[in-house]
Amino acid sequence: MKRCCCRAAPLLALLGIARGRPVGSMRGGGGTSFLSNMCRLRGGQHGAAAGETQIFETVVSSEVTRVATSPFEGQKPGTSGLRKKTSVFLQPGYLENFIQSLFDSLPDGELRGATLVVSGDGRYGNAAAVQIICKMAAAHGVARVWVGRDGLLSTPAASCVIREREGGVACGGVILSASHNPGGPDADFGIKYNVRNGGPALESLTEEVYERSTQIREYAIVAGLPDVDLSLEGRHVFVDEKGGAPHFEVEVIDPTEDYVALMASLFDFDALRSLLRRPDMSLVFDGMHGVAGPYARAIFGALGALLNCIPSEDFGGGHPDPNLTYAAALAKLMGLTGQPAGGEPPVLGAAADGDDRLQRGRDADRNMIVGRRFFVTPSDSLAVIAAHAHALPWLARQGGLRALARSMPTSGGRPRLGEGRAVDRVAEELGLPLFETPTGWKYFGNLMDSHLLGGADLSPLLCGEESFGTGSSHIREKDGLWAVLCWASILAHHNVDTPEGQLVGVEEVVTQHWRRFGRNFYTRYDYENVDAAAAEEIVERLRAMGSSFRGAGYGPSEPQLLQDGFALATIDEFSYRDPVDSSTTSQQGVRLLFADGSRIVLRLSGTGSVGATVRIYIERYQPPGDEYALLANATDALRPLVDLALHLSQVRELTGREAPTVIT
Ligand code: VG1
Ligand code: CO
């Protein structure tokens, strides 16, 4: 800062925190441009009543500083943004280089006078990064930045703010999250950009960002802009010391407002309230200390019990996927592991992404659904929600679903002609197109916006991933709380007329689904942080196995007989041609498809920050009809196929790991 110009609070300004003079207030967020609001309000009344927006004005030097820099290696976004060790991000210039490369890659004029969303999941480094990005945004002509209070927005809420706030005026959003990766000074930090539709940037943009990051020479920043007090909701307006005209503003917004309003418009809250008031109904939501907590409190607060809903900055290692390992308290409470203390477990249990053992939480885009003593696999959850589209009010209002989509490793493929599985079979029965995309939410966005890009209208579209991600075209990110509301709506639908004491629960809903569509037994083995060369070798071996398999004349009409009677029909590597923009993505996982509909998929994770993570997805289809086989224990049902997967991949031998890091 060249000169301290903060009029109202010099001490705070000295501390680098702008708590400018409150100059007035206005109702609501305001629909007009921030400049015209500013002019109207200058010199207006002081202080703000409830429901009004506070305005804090600070006089600053708006001079743009160009800082010389040189490229950092490896600023290449993966499955979902750039994720690196926090210590890597903390290197001077690292974040700035990436942001400059990003801003330079956006279309010409995109940022000038624009509104940009900047927020994150609250992990270590979040607040400091928000401040830097605000100063760089000011240097690039951004007129206004929306930041959630305390720098927090869940990933789905950020998508919602971009799409919905003031009618969707934001040009995009910088989301500070490494999502399921652990946070803390010794763990991971992450950053990704979501574009105007609220969804993650496509590879064409992230590739350009990477290219630019390898050639960067300088970045631009308004160094004279003081840090904003992110705990103070309201408009922090910066006026240039020379001209006196407002040139930039950071509006600290209520992080839950837009998201909760959207959920209220999608779901029938009265019906959910009636369900939750039943004496035989109970709901527990585990916020896993993540950013989901405040949203869950706002939505479920009055209706159900809440666990772990205080977000925390986190320290230590581990991977907070919302699975049975990391959501141990919920698993216990729901009677999945041991006997819960105090009577029957709740009817519906749910968790967002986080890790309750380490009290760390994440960005609330994932969800885990659990019934009383009953675990719902994410693939089943997606299929069940799809089969209940008629019970979801906003879908019914929009004339029902138009399409379904799932990532490739999500259950399940179509190894046998005419026999789709899980969500595929729901699509078949409903007569809907089903899209199989590579791993990562960004691939769903084009499908959802197909009609805006010259293609057919595929929205409303429902989609999901096996990694506890479920969502729809209501936003452009996976959405944990939305999924819980879907499940509550499904239970409400099944229980409109059920007498008290005979409530249809999660297990009944899922087993009814299996009886109709069959069941996909499913498991994923993760070998985290293994030697990268060993991981590559595993993939290479499977590719070579595919070549000799085809060379020997094997294929769907001539399967190769393997151990335990498994007949291998295909080995291939998944690639994707986007039906909307025709872009292609290759090498997205090796698939071994069996004649009986079983499947082994192996791919390397694209979200890790060190080494490599091998993911093996194992799936077996059980057609309806045989009640005993349908209700079998999943571990038993999958054992022979798991053994085969370990044997064929040689994962133990090549990584030196006896057991996977996590089994889901
Ligand atoms: C993993 C999951 C993928 C998910 C991605 C981001 O990617 O497999 O399904 O979209 O994480 O989720 P990978 O490349 O590590 O397998 V989140 O909640 O961390 O944004
Ligand atoms: Co996440």
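Our subject is the structure listed above.
Residues numbered from 1 in each chain as written. Chains lettered and ligands numbered in written order. Predicted model: local features only at pLDDT ≥ 70, side-chain atom pairs only at ≥ 80, totals over all residues. Heavy atoms only, no water.

## Points about the overall build of the protein chain
Here is step 1: Looking only at helices and strands, the protein chain has 21 helices and 33 strands in total.
Here is step 2: Per-residue burial over the protein chain gives 60% buried out of 664 residues.
Here is step 3: Nonlocal contacts in the protein chain, meaning residues at least 24 apart in sequence, comprise 72% of its contacts between residues at least 6 apart.
Here is step 4: Summing over all exposed atoms, the protein chain offers an accessible surface of approximately 24400 Å²; the carbon and sulfur share of this is 51%. (Helix = DSSP H or I, 4+ residues; strand = E, 2+ residues; numbered from the N terminus. Buried < 20%, exposed > 50% of the residue type's maximum accessible area, 1.4 Å probe, protein only. Contact = heavy atoms within 4.5 Å. Areas by Shrake-Rupley, 256 points an atom, 1.4 Å probe, with all protein chains shown as cover.)

## Structural notes on the sheet that holds strand S23 (residues 461-465)
Here is step 1: Pairing is mixed in the open sheet, where four strands are placed in the order S22-S21-S23-S24. At either end of the open sheet lies a strand with only one pairing partner, and these are strand S22 (434-437) and strand S24 (469-472). Pairs of neighbouring strands in the sheet enclose a mean axial angle of 15 degrees, with direction left out of account. (Pairing = 2+ DSSP bridges. Axes fitted to C-alpha atoms, helices over the stretch in contact; angles between N-to-C directions.)

## Details of helix H17 (residues 506-517)
Here is step 1: Here H17 is twelve residues long and its end C-alpha atoms lie 16 Å apart, about the 16 Å a rise of 1.5 Å per residue gives.
Here is step 2: For H17, the set of buried residues is Val506, Val509, Val510, Thr511, His513, Trp514 and Phe517.
Here is step 3: Looking at the residues trailing H17, positive phi occurs at glycine 518, about 90 degrees. (Expected span 1.5 Å × (residues − 1).)

## Some words on the packing of aromatic side chains
Here is step 1: Evaluation of the coordinates by the stated rule reveals 14 aromatic pairs.
Here is step 2: Judged by centre distance (5.2 Å) and plane angle (75 degrees), the ring pair of phenylalanine 89 and tyrosine 94 falls under edge-to-face. Across the pair, exposure class does not vary: phenylalanine 89 and tyrosine 94 are buried alike.
Here is step 3: Of the aromatic side chains, those joined through ring pairs into one cluster are Phe72, Phe89, Tyr94 and Phe189.
Here is step 4: Of note, arginine 165 hangs over the ring of tryptophan 146, and the distance from its end group to the ring centre comes to 5.3 Å.
Here is step 5: Above the face of the tryptophan 514 ring, arginine 519 is positioned so that its terminal group lies 3.9 Å from the ring centre. (Phe/Tyr/Trp six-rings, centres within 6.5 Å; stacked < 30°, edge-to-face > 60°. Lys NZ or Arg CZ within 6 Å of the ring centre and 35° of its normal.)

## Focus on the site of ligand 1
Here is step 1: As a structural note, the neighbourhood of ligand 1 is formed by 19 residues, with Thr79, Ser179, His180, Thr607 and Arg615 the closest of them.
Here is step 2: A distance of 2.6 Å separates an oxygen atom of ligand 1 from a polar backbone atom of glycine 606.
Here is step 3: More than half of the atoms of ligand 1 fall within 2 Å of the grid points belonging to the largest cavity.
Here is step 4: Per-class residue counts for the shell around ligand 1 are no nonpolar, ten polar and nine charged. (Near = heavy atom within 4 Å. Polar contact = N/O pair within 3.5 Å; in protein donor to acceptor, adjacent residues only side chain to side chain. 1 Å grid on protein atoms, 1.4 Å probe; cavity = no way out; pocket = protein on both sides within 12 Å on 5 of 7 lines; lining within 4 Å. Sits in = over half its atoms within 2 Å of the grid points. Nonpolar A, V, L, I, M, F, W, Y, C, P; charged D, E, K, R; others polar.)

## Some thoughts on the sheet that holds strand S27 (residues 567-573)
Here is step 1: Taken together, the seven strands give an open sheet; going across it, the order is S26-S27-S30-S31-S32-S25-S33, and neighbouring strands pair in antiparallel fashion. On the outer flanks of this sheet lie strand S26 (560-561) and strand S33 (662-663), each paired with one strand and no other.
Here is step 2: Relative to S27, S26 runs antiparallel, the two sharing two bridges. Opposite leucine 561, over in S27, you have alanine 567 as the bridge partner.

## Structural notes on empty space enclosed by the protein
Here is step 1: Under the criterion given, the structure shown has four cavities of 30 Å³ or more.
Here is step 2: Estimated volume of the largest cavity: approximately 280 Å³.
Here is step 3: As for the largest cavity, its lining consists of 29 residues, and the residues nearest its centre are Thr79, His180, Arg366, Lys478 and Thr607.
Here is step 4: The calculated volume of the second largest cavity comes to roughly 140 Å³.
Here is step 5: Taken together, 17 residues form the lining of the second largest cavity, with Pro77, Gly81, Lys192, Tyr193 and Thr206 sitting closest to its centre.
Here is step 6: Contributions of two or more residues to the lining of the second largest cavity are made by helix H4 (94-105), strand S9 (188-194) and helix H7 (203-213).
Here is step 7: In the lining of the second largest cavity, the residues fall into ten nonpolar, five polar and two charged. (Points joined across faces, edges and corners; volume = space filled by probe spheres on them.)

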